[in-house]
Amino acid sequence: MTVPAAPAESAEPQVTPRAPMHWALRWVSPAIGVALFVAAVLVLRGELEKVSYQEVQQSVRGLPPSAVLLSILYTAANYAILCCFDLLAFRYVGRRLTDWKVAATSFIGYAVANNVGFAIISGTSVRYRFYSRWGLSAQEISRIVVFYSGTFWLGFLVLAGWSMAVDPHPGLRKLVGPTTLAVGGWALLGSALAYGVVAAVRPAPVRMGRWTIPVPRLRIVAWQYALSTLDWALAAGVLYALLPRTELTFWEFLSAFLAAQLLGLVSHVPGGVGVFEGTMVVLLDGYLTPGQIFSSLFLYRLIYYVLPLAAALAILVIDEVRLRRHHFARWGSWFGTMSLQIAPRVLAMFIFMAGALLLVSGATPTEAHRLAWIDRNVPLVLVEAGYLIGSVAGVGLLIVSHGVARRLDMAFIVAATWLSLGIAVSLLKGADYEEAALLAALLAALVASRPAFDRKADFWAARFSPGWTFGVVAVVGAAVWLGFFAFKHVEYSDELWWRFALRQDAPRALRATMLAVVLMLAFGVLRLLRPAPPTLMPPTDEEIAVAEGLIAGQTSTVPYLVHLRDKTLLFSEERDAFLMYAVHGRTWVAMGDPVGDPRAVTGLIRRFFERCDDYGGVPVFYQVGKEKLHQYADFGLAFAKLGEEACVDLHSFSLDGAENKPFRLVLNRFGRSGMTFRVAPVDEVPALLPRLREVSDAWLLEKRTSEKSFSLGFFAEDYVRRFPVALVEEEGRIVAFATVWPGPRNAELSVDLMRYLPDAPRNVMEALLLNLMLWGRAEGYARFNLGMAPLSGLEPSPVAPVWTRIGSFLFQRGESLYNFQGLRTYKDKFHPSWEPRYLAYPGGLALPIITADVSALIAGGYRGIFRRGRGG
C-alpha cells in the first residue's frame, strides 16, 4: 500500500561538473533508504536467528490453499477499489472519460508505484502519460492527483484512529500507553471528520497560497470515506488471511498493520521492503512463530505486490502486440505510443527481479526430491556449472535492466541472452521448472515488446543513478545474507570451497554467491576506471551542412546560432530535424524550437528527453514560440513566459507620417554627419575582420562586459565571416557594425552582434537599424526581428504564478539590474508586433535553479550574470 501518485546521434556530452554539495545531496536520499533497509535487516536478523530456512519452507507449504485464494481475492478487490479513486477524481474535476480507460491507467499506476516507491512521482508520471494524451490539462491532472492522494490518507486516518482509540494492538498499548494511544486515535478520527465538516459548511473553494482547491460535494466526500476505508481494510485483509488464526482480533492486527505501513512509507524504501516486515515481526511476536510470520510476509509480498505488477506488464505487452499487429492503427490505440514508453520500464523492473531471483536461487538449497531426478539425468559437472552460470546471468540481468529501461537495442539482445541462459541453468542446477517458466514468460514479454527497443545509444556512457546502484548492492547483499541464513547449520571451513558432490548445496551456494560478489566488484571497478564520457562536442562540418539544409526550409533566423558551434546538435532518426543544446550543471537547455520537418518534432523531443535521462539531466527548452507549446505539454513540461519578441513588418514600414518624424530626424542627422551606411556582402567580410575586431574589443572594454554565448552571438571570426555585415563608416573608418542574419526565402531579417566605437555619435545604432530596415524592405524581406524584450508582457496579478509576479516586479522596478523597460521602450518605437517567448521546463520548484543555469550559459558562468551590459 503506497501513497498514490508523472539513426544518427551527435556525440555524447560531458555534463558540467556539479557543485560538491549538490552532488552529495543527490545521494543523501538513496543513502538514507539503504541505511533504513540495512537497519531493518539487522532487526530481522535477530528474529531470524530463532528460525531455520527449512522451517520457513514448511510454513509456506503448510498454508491452506483457501487462505492463499482468499488473499488473492482480497488483492483483486483492493486494486478495484484503488481504481475507483481515479474514477471518483474524474467526477470531482468534472471530466468524462471512458471508465475502463481510467481504471486501466489507474491500475498500472498503482502497480508500478507500489513496487517502485516514491509514488507521488512514479504513479503520477504514469497517469500523466495517459491522461494528457486523452485531452486532460496539466492543471486537471494535478487536481486529480491531489484528490486521490487525499482520499488515500482519509481512510488511513479513519481506520488508524478507530483502531487506536477502540481496540489497539497490545504491543502498541504497552509501548505508547493506553491513554496516549486513545488520545492520538481520537485526534486522528477528529482530523478525518474535519474534512467532512469543511465540505458541509464551506462549499467555497479553499485557497492555499496561489492554489485554489474546490471543495468536493458531500456526495463525493461520502464516497471518499467509504472507498478509502475499504481500501485500507482490504489491504490489511490480504496479510491477515495468510496468517494462522490466533487470539489477535482483526482490529488489533489492523493497528499493527497501519503502523508498519506508515513506517514503510516514511522510510521511502521501495514498497517499504524490510521496514514493514521488521515492524510486523516485532508486533506479531508472541502470537505466531517466526517461521509462520516470515512465510506469511513472503507470500504477502508476492500476492499484493508482484502479481499486480505482472498483470500491469501483461496489459502493456498485450497492447504492444496489438500495436505490432495493427501497425497502421497505431494512433488509434487507447495506449498508443505511451505503451512503448512505459512497457520497457516495467520490463526493466521484472528483469531486475529476475536477476535477484537467480541470485537467490543460487544461494539456497535444492529440494531433496529434485536432487533425485538430477542424480539420474544430469551430470554433476553441469549442475556445478549451472550454479556459476546462474550467478553470472543474475548479475548480468541486474546490470542490463538499466539499459532496458532506456530502450537500448543492445540491452534487448543482452537481456534476452541472459534470460535464455537463466532458463537453461534453472533446469540444470535444480530442476526448477517454476523458475524456468517465470523466466520464459518474461522472455516472451520482452520479445513481444521488441519494437520499443529502438535506441542505439552507448550503454556504458549513461549515468547509473544512485537509486539503481544502491538497489543492485542491496540485492547482492541480500543474496549473500540469505545464503548464510539458509546454511547457518553448516560449519564453515576452507574445504567447502573445493567440495564437489551432488548433495553439497552449501559449497555450491558459497561459490555461486562469491562469484556474484566478484562480478559486481569488477563491474564497479571498470566503471570507476572507464574514461570520462567525451566532452561537449561542437558540431562537425557534416552536421553543419545537414543543419543548413534544414534551416533553409523554414523562416526563422534564430537557428543561425548553430554556426557559433558552442552547442551540440541532436538530429532526428531520419535526420530531417534537429535541435541544438548546451549543458550547465544538471540543466540541459535546447535553444529555441526544433528545426526541420514538423512531423519529426515529437520524436526529436523524445530523443532529447532520453538523452537527458541517460545523464540525469533536466530537459529545458529556451525561447520557444507558442506554436509548439502543445507538443512540449505532451511531455509534461510546464511553461514560464520569458518575454516578448519584437518583429517589424517591413512591407508596411515607412518613414512617412508624424509618428515617424523622430526616425527622419535621426537619418537626417546621420546624413549631415558625413557617415555612410552599407551592407558588406559575405565575400567582403574576411578582409574586414581585423577592423571589426578593433570595434568589438573597444565596445567590450567601454561596456566593461564580456562576450555572451548560447542565445547571443560572440565575436568569432569563423562565425562573423558567414554573414553579411551592416557597416557605418566615416572616411573609411568603421564606426559601428552589426552582423546580419538574412533569413531563408526572404521571410525574416535580423541582426546579432551590434557594436560601435566609444566615440561614435549618439543614435548611431538607431540609424544603422533604420537604414538596415530600409535595405531589407528594398531586398524584399517580409519582417525585421528586433529580438526579445525580457520579462515584458507579464501581467501582474494576485493569482498569477510566482514567476510571473517576480518577473513583472523586476520589469517594473529592476532597472538597477537590467534596462528591462528601456529595452522594451526602445524597440516599441519601431511599431513592432510582439510575440511571446517561453521557457518549457519540467515544473515544480526547480525554476530558480534552471533560470540560474540558463543565465550562466548565456553569460559564460555565474559571475558573468552580474556584469552589467549586453554582450552583443
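Peer 1: Looking at this structure, I do not really get the overall build of the protein chain. What am I missing?
Peer 2: Along the backbone of the protein chain there are 30 helices and 14 strands. Within the structure as shown, the protein chain displays about 38,200 Å² of accessible surface, and the carbon and sulfur contribution to it stands at 65%.

Peer 1: What am I meant to see in the pattern of salt bridges here?
Peer 2: Opposite charge on two side chains permits them to pair, given that their charged atoms come into close proximity. Taken as a whole, this structure holds 17 salt bridges when the rule is applied. Between Asp759 and Arg733 there is a salt bridge whose closest N-O contact spans 3.4 Å. One end of the pair, Asp759, is in the loop between strand S12 (748-756) and helix H26 (764-778); the other, Arg733, is in strand S11 (residues 733-742), and 26 residues separate them in sequence. Linking Glu748 and Arg783 is a salt bridge whose minimum nitrogen-to-oxygen distance equals 2.7 Å. Taken as a pair, Glu748 in strand S12 and Arg783 in strand S13 (residues 783-790) lie far apart in primary sequence, 35 residues in all. Judged by relative accessible area, Glu748 falls into the buried class, the value being 3%. Linked by salt bridges that have partners in common, Arg678, Glu684, Arg691 and Glu729 make up one network.

Peer 1: Which parts of the structure should I look at to understand the nonpolar core?
Peer 2: Note that soluble globular proteins tend to have their nonpolar side chains buried in a common cluster. Ranked by internal contacts, the top residues of the largest apolar core, which has 89 residues, are Phe253, Phe257, Tyr300 and Leu446. Per-element accounting of this core gives the leading share, 11 residues, to helix H3 (residues 65-93). Every residue in contact with Phe257, bar those within four places of it in the chain, is listed here: Trp232, Ala235, Ala236, Leu239, Phe276, Met280 and Tyr300. Counting 49 residues, the second largest nonpolar core, distinct from the first, contains Ala547, Phe714, Phe723 and Leu839.

Peer 1: Is there a simple way to think about the pairing of strand S7 (residues 618-624) in this case?
Peer 2: In summary, the side chains of a regular strand alternate between the two faces of the sheet. Among the seven residues that make up S7, seven are buried, leaving the element largely enclosed by the rest of the structure. As paired strands, strand S5 (residues 587-591) and S7 are joined by five bridges and run parallel to one another. Bridge pairing in S7 links Ala590 to Phe621. As paired elements, S7 and strand S14 (residues 833-841) share three bridges and run antiparallel to each other. Paired with Tyr622 across the bridge in S14 is Leu839.

Peer 1: Before we go on, may I ask you to explain the packing of helix H23 (residues 661-672) against H26 in this structure?
Peer 2: A pair of packed helices is characterised by two quantities: the angle between their axes and the separation of those axes. The contact between H23 and H26 brings their axes to 10 Å, and the two run at 105°. One way to sum up the angle between H23 and H26 is to call them roughly perpendicular. Counted together, Phe663, Val666, Leu667 and Phe670 of H23 and Glu766, Ala767, Leu770, Asn771 and Leu774 of H26 form the full contact between these two elements. Each residue belonging to the contact of H23 with H26 can be placed in one class, and the counts come to seven nonpolar, one polar and one charged.

Peer 1: Help me understand the packing of aromatic side chains in this model?
Peer 2: One pair of aromatic rings is described through two measures. These are the centre distance and the angle between the planes. Evaluated as defined, the whole model comprises 27 aromatic pairs. Where Tyr560 meets Phe723, the ring centres are 5.4 Å apart and the plane angle is 65°; that geometry is what we call edge-to-face. Highlighted residues: Tyr560 in the loop between helix H20 (541-551) and strand S3 (568-571) and Phe723 in the loop between helix H25 (717-720) and strand S10 (725-730), separated in sequence by 163 residues. Like Tyr560, the residue Phe723 is buried in the burial classification. Members of the aromatic cluster, joined through ring pairs, are Tyr79, Phe107, Tyr240, Phe250, Phe253, Phe257, Tyr300, Tyr304 and Tyr305. Over the ring of Tyr305 we find Arg301; its NZ or CZ atom is 4.5 Å from the centre of that ring.

Peer 1: What's the story with a nonpolar patch on the surface in this structure? I'm lost.
Peer 2: Side chains of Trp162, Val166, Trp186 and Trp251 sit close together on the surface and give an oily, nonpolar patch of about 420 Å² of accessible area. Tracing the backbone through its elements, the reader meets Trp251 in helix H10 (residues 250-267).

Peer 1: I keep staring at H20 and nothing clicks. Help me out?
Peer 2: Because each turn of an α-helix spans 3.6 residues, side chains separated by three or four positions end up pointing in the same direction. For H20, the set of buried residues is Glu543, Ile544, Ala547, Leu550 and Ile551. For H20, the buried positions fall inside an angular range of 120° around the axis, keeping them on one side. Tucked inside the fold, the buried residues of H20 contact S3, strand S4 (577-584) and strand S6 (595-596).

Peer 1: Just checking my understanding: could you explain the side chain of Asp597 for this structure?
Peer 2: As for its placement among the helices and strands, Asp597 is situated in the loop between S6 and helix H21 (601-614). Among residues more than four places away in sequence, those in contact with Asp597 are Asp576 and Ala577.

Peer 1: Looking at this model, I keep getting lost on helix H24 (residues 685-703). Mind explaining?
Peer 2: Approximately 40° is the largest bend angle found in H24, and it occurs at Arg691. Listed as buried for H24 are Val685, Leu688, Leu689, Leu692, Val695, Ser696, Trp699 and Leu700. Within two residues after H24, Arg704 carries a phi angle of roughly 50°, on the positive side.

Peer 1: Is there a simple way to think about the environment of Ala440 in this case?
Peer 2: With respect to the secondary-structure elements, Ala440 resides in helix H17 (residues 433-448). What makes Ala440 partly exposed here is its relative accessible area of 34%. Each C-alpha atom of the pair Ala440 and Ser420 lies 7.6 Å from the other, and the pair is 20 residues apart in sequence.

Peer 1: What am I meant to see in the side chain of Ser401 here?
Peer 2: Along the chain, Ser401 turns up in helix H15 (residues 380-405). By relative accessible area, Ser401 is classed as buried at 3%. A polar contact is formed between the side chain of Ser401 and the backbone oxygen of Leu398, at a distance of 2.7 Å.

Peer 1: Which parts of the structure should I look at to understand the pairing of S12?
Peer 2: Most of S12 sits out of view: seven of its nine residues are buried. Here S11 runs beside S12; their pairing, made up of six bridges, is antiparallel. Looking across to S12, one finds that Phe737 is bridged to Arg755. Connecting S11 to the antiparallel partner S12 that follows it, the hairpin turn spans five residues, and Arg745 within it adopts a positive phi of roughly 55°. Across three bridges, the pairing between S12 and S13 is parallel. Bridge assignment links Leu749 to a residue of S13, and that residue is Phe784.

Peer 1: Would you mind showing me how to read the environment of Arg777 here?
Peer 2: Position of Arg777 relative to the elements: it lies in helix H26. Between the alpha carbons of Arg777 and His651 there is a distance of 6.6 Å; along the sequence they are 126 residues apart.

Peer 1: Just checking my understanding: could you explain the packing of H3 against helix H9 (residues 218-242) for this structure?
Peer 2: With their axes 8 Å apart at the nearest point, H3 and H9 run at an angle of 160° to one another. In terms of axis orientation, H3 runs roughly antiparallel to H9. In terms of crossing hand, the pair formed by H3 and H9 is left-handed.

Rules of the game
- Residues numbered from 1 in each chain as written.
- Predicted model: local features only at pLDDT ≥ 70, side-chain atom pairs only at ≥ 80, totals over all residues.
- Heavy atoms only, no water.
- Helix = DSSP H or I, 4+ residues; strand = E, 2+ residues; numbered from the N terminus.
- Areas by Shrake-Rupley, 256 points an atom, 1.4 Å probe, with all protein chains shown as cover.
- Salt bridge = Lys/Arg side-chain N within 4 Å of Asp/Glu carboxyl O.
- Buried < 20%, exposed > 50% of the residue type's maximum accessible area, 1.4 Å probe, protein only.
- Core = buried A, V, L, I, M, F, W, Y, C linked by side-chain atoms within 4.5 Å.
- Contact = heavy atoms within 4.5 Å.
- Pairing = 2+ DSSP bridges.
- Axes fitted to C-alpha atoms, helices over the stretch in contact; angles between N-to-C directions.
- Parallel < 35°, antiparallel > 145°, perpendicular 65-115°, else oblique.
- Nonpolar A, V, L, I, M, F, W, Y, C, P; charged D, E, K, R; others polar.
- Phe/Tyr/Trp six-rings, centres within 6.5 Å; stacked < 30°, edge-to-face > 60°.
- Lys NZ or Arg CZ within 6 Å of the ring centre and 35° of its normal.
- Patch = residues over 30% accessible without salt bridge, like charges linked within 9 Å, V, L, I, M, F, W, Y side chains within 5 Å.
- Arc of directions from axis to C-beta.
- Bend = angle between axes of the 7 residues up to and from the residue.
- Polar contact = N/O pair within 3.5 Å; in protein donor to acceptor, adjacent residues only side chain to side chain.
- Left-handed = near helix turned anticlockwise from the far one by under 90°.

Remember that the coordinates give geometry; whether it matters functionally is a separate question.
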